[in-house]
Amino acid sequence: QVQLVESGGGLVQTGDSLRLSCAPSGRTFRRNAMGWFRQAPGKEREFVAATGAGTNYADSVKGRFTISRDNAKNTVYLQMNSLKPEDTAVYYCAVRSAYYTLSSEREEYDYWGQGTQVTVSS
């Protein structure tokens, strides 16, 4: 019943910005921790950012990416600035069943979206 739909990806150039959105359906996630992960071709899925009782970011995106949420719209966002070619990946939204507690571990998340492609050219 729970579904997550990511949107906002696309093809951009180095230094550009994108804003990804994740719109869950089937229930509300006002108290759940939510995260963004990404996976590049030939690489494992890696943590990007999470929000719950605070926020957390991977070192590779800290200072450039911002995770936020709009509880009224039941939507989580990932604002990505100063994009680099190394940011190229499929970005996935994920939700934890547990409330509030942040996690950077993929196995701690219970629901996943289909992903949205972000490609950054040099």
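Residues numbered from 1 in each chain as written. Predicted model: local features only at pLDDT ≥ 70, side-chain atom pairs only at ≥ 80, totals over all residues. Heavy atoms only, no water.

### Considering the environment of alanine 58
Here is step 1: Position of alanine 58 among the secondary structure elements: in the loop between strand E6 (54-57) and strand E7 (65-70).
Here is step 2: Classification of alanine 58 as buried rests on a relative accessible area of 14%. (Helix = DSSP H or I, 4+ residues; strand = E, 2+ residues; numbered from the N terminus. Buried < 20%, exposed > 50% of the residue type's maximum accessible area, 1.4 Å probe, protein only.)

### Brief notes about the side chain of aspartate 87
Here is step 1: When you line up the elements, aspartate 87 lands in the loop between strand E8 (75-80) and strand E9 (89-99).
Here is step 2: Of note is the side chain of aspartate 87, whose polar atom sits 2.8 Å from the side chain of arginine 64.
Here is step 3: Aside from chain neighbours lying at most four places away, what touches aspartate 87 is Arg38, Arg64, Phe65, Ser82, Val118 and Val120. (Polar contact = N/O pair within 3.5 Å; in protein donor to acceptor, adjacent residues only side chain to side chain. Contact = heavy atoms within 4.5 Å.)

### Quick notes on the environment of valine 120
Here is step 1: Checked against the element boundaries, valine 120 lands in strand E11 (residues 116-121).
Here is step 2: A relative accessible area of 5% places valine 120 in the buried class.
Here is step 3: Between the C-alpha atom of valine 120 and that of glycine 10, which follows or precedes it by 110 residues, the distance is 8.4 Å.
Here is step 4: Leave out the neighbours within four places in its chain, and valine 120 touches Val12, Gln13, Thr14, Leu83, Lys84, Pro85, Asp87 and Thr88.

### Overview of the state of the cysteines
Put plainly, two cysteines are in a disulfide when a covalent bond ties their sulfur atoms together.
Here is step 1: Under the definition given, this model contains one disulfide.
Here is step 2: Sulfur-sulfur distance for the disulfide between cysteine 22 and cysteine 93 comes to 2.1 Å. Measuring handedness by torsion sign, the sulfur bridge of cysteine 22 and cysteine 93 sits at about -80 degrees and is left-handed. Placement of the pair is cysteine 22 in strand E3 (residues 18-25) and cysteine 93 in strand E9, with a sequence separation of 71 residues. In this pair, the class of cysteine 22 matches that of cysteine 93, namely buried. (Disulfide = S-S within 2.5 Å.)

### A look at the sheet that holds strand E1 (residues 3-7)
Here is step 1: Taken together, the four strands give an open sheet; going across it, the order is E1-E3-E8-E7, and neighbouring strands pair in antiparallel fashion. Every other strand in the sheet has two partners, leaving E1 and E7 as the edge strands with one partner each. Pairwise comparison of adjacent strand axes, ignoring direction, gives a mean angle of 15 degrees for this sheet.
Here is step 2: Two elements, E7 and E8, share six bridges in a ladder whose sense is antiparallel. Residue pairing in the sheet places threonine 66 in a bridge with glutamine 79 of E8. (Pairing = 2+ DSSP bridges. Axes fitted to C-alpha atoms, helices over the stretch in contact; angles between N-to-C directions.)

### Details of the pattern of salt bridges
Here is step 1: In this structure the tally under the stated criterion is five salt bridges.
Here is step 2: Here glutamate 46 makes a salt bridge to arginine 38, at a shortest N to O gap of 2.7 Å.
Here is step 3: Residue glutamate 46 is classed as partly exposed on the basis of its relative accessible area, which comes to 37%.
Here is step 4: Here lysine 62 and aspartate 59 are joined by a salt bridge, their closest N and O atoms 3.3 Å apart.
Here is step 5: Each member of the salt-bridge network shares a partner with another, and the members are Arg38, Glu46, Arg64 and Asp87. (Salt bridge = Lys/Arg side-chain N within 4 Å of Asp/Glu carboxyl O.)

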